[in-house]
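Understanding the architecture of this molecule
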Amino acid sequence: RVGVRPIEKLDIGLSYSWARAEKSLGPGFDNRDYGQEIDLTATYKITNNLSYMLGGGYWLVGKYYQGSKPTDNELSDNYMLINKLTLTF
């Protein structure tokens, strides 16, 4: 996880995650790789108690969710976009 603050009111963060299952599901599910995720967020402080955050994440699906044959589960990578307005008092 890394972050920068190019100006006083703007925070930018980047994170990377990788997950692996502790145990296999059994025959036909030999691979334990859940996948990898990359997230990027930017938060801008509008006033002392109001901020806006915009972010996105991308998940690279691992082999854990697929069966022994490539046609068992046709899973593909996925993404998420998020925006949030926060008022603190």
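The sections below set out a description of the structure shown in this document. (Residues numbered from 1 in each chain as written. Predicted model: local features only at pLDDT ≥ 70, side-chain atom pairs only at ≥ 80, totals over all residues. Heavy atoms only, no water.)

Things to note about the sheet that holds strand S1 (residues 2-7)
Here is the rule: Paired strands are those between which DSSP finds at least two bridges. Elements are defined by DSSP. Helices are runs of H or I of four residues or more, strands are runs of E of two residues or more, and each kind is numbered from the N terminus. Angles run from 0 to 180 degrees between N-to-C directions of axes, and those axes are lines fitted to C-alpha atoms, restricted for helices to the stretch in contact.
Read from one edge of the open sheet, 5 strands run S1-S2-S3-S4-S5, paired in antiparallel fashion. One side of each edge strand has no neighbouring strand; the edge strands of this open sheet are S1 and strand S5 (78-87). In this sheet, neighbouring strand axes are inclined to one another by 15° on average, regardless of whether the strands run parallel or antiparallel. Alignment of strand S4 (residues 50-61) against S5, held across 10 bridges, turns out to be antiparallel. Each residue of the ladder has a partner; that of Trp 59, found in S5, is Asn 78.

Focus on a nonpolar patch on the surface
Cut-off, in case you're wondering: In this analysis, a patch consists of residues with relative accessible area above 30% that form no salt bridge, clustered at 9 Å for like charges and at 5 Å for the nonpolar side chains Val, Leu, Ile, Met, Phe, Trp and Tyr. For every accessible area listed, the method is Shrake-Rupley and the probe measures 1.4 Å; residues are considered covered only by the protein chains on display. In the sections that follow, a salt bridge refers to a side-chain nitrogen of Lys or Arg positioned within 4 Å of a carboxyl oxygen of Asp or Glu.
Taken together, Val 2, Val 4, Ile 12, Leu 14, Tyr 16, Trp 18, Ile 38, Leu 40, Tyr 58, Tyr 79 and Leu 81 make up a surface patch of nonpolar side chains, about 1,200 Å² in accessible area. For the nonpolar patch, the secondary structure elements donating two or more residues are S1, strand S2 (10-20), strand S3 (33-47) and S5. Looking at which element gives the most residues to the nonpolar patch, the answer is S2, with 4 residues. As for its position among the elements, Leu 14 is in strand S2.

So, the pairing of S1
Test applied: In this scheme, a residue with accessible area under 20% of its type's maximum is buried, one over 50% is exposed, and one in between is partly exposed, where area comes from a 1.4 Å probe on protein chains only.
S1 sits mainly on the outside: 0 of its 6 residues count as buried. Two strands pair when backbone bridges link them, and S1 and S2 are joined in this way by 4 bridges, in the antiparallel orientation. Bridge pairing in S2 places Val 4 opposite Ile 12. Between the antiparallel neighbours S1 and S2 lie 2 residues.

Quick notes on the layout of surface pockets
The criterion, for reference: Cavities and pockets were defined on a 1 Å grid built from protein atoms only: a cavity is a group of points that admits a 1.4 Å probe but offers it no way out, a pocket is an open group of points flanked by protein on both sides within 12 Å along at least five of seven lines, and a lining residue is one with an atom within 4 Å of any such point. Grid points are joined across faces, edges and corners, and a volume is the space filled by probe spheres set on the points. Each residue receives one of three labels: charged for Asp, Glu, Lys and Arg, nonpolar for Ala, Val, Leu, Ile, Met, Phe, Trp, Tyr, Cys and Pro, and polar for the others, Gly being one of them.
Its boundaries defined by the atoms lining it, the largest pocket holds a volume of some 150 Å³. Surrounding the largest pocket, Arg 1, Gly 13, Leu 14, Ser 15, Asp 39, Thr 41, Gly 55, Gly 56, Gly 57, Met 80 and Ile 82 form its lining. Mapped onto the lining of the largest pocket, the elements with two or more residues apiece are S2, S3, S4 and S5. Class assignment of the residues belonging to the lining of the largest pocket gives a composition of 3 nonpolar, 6 polar and 2 charged.

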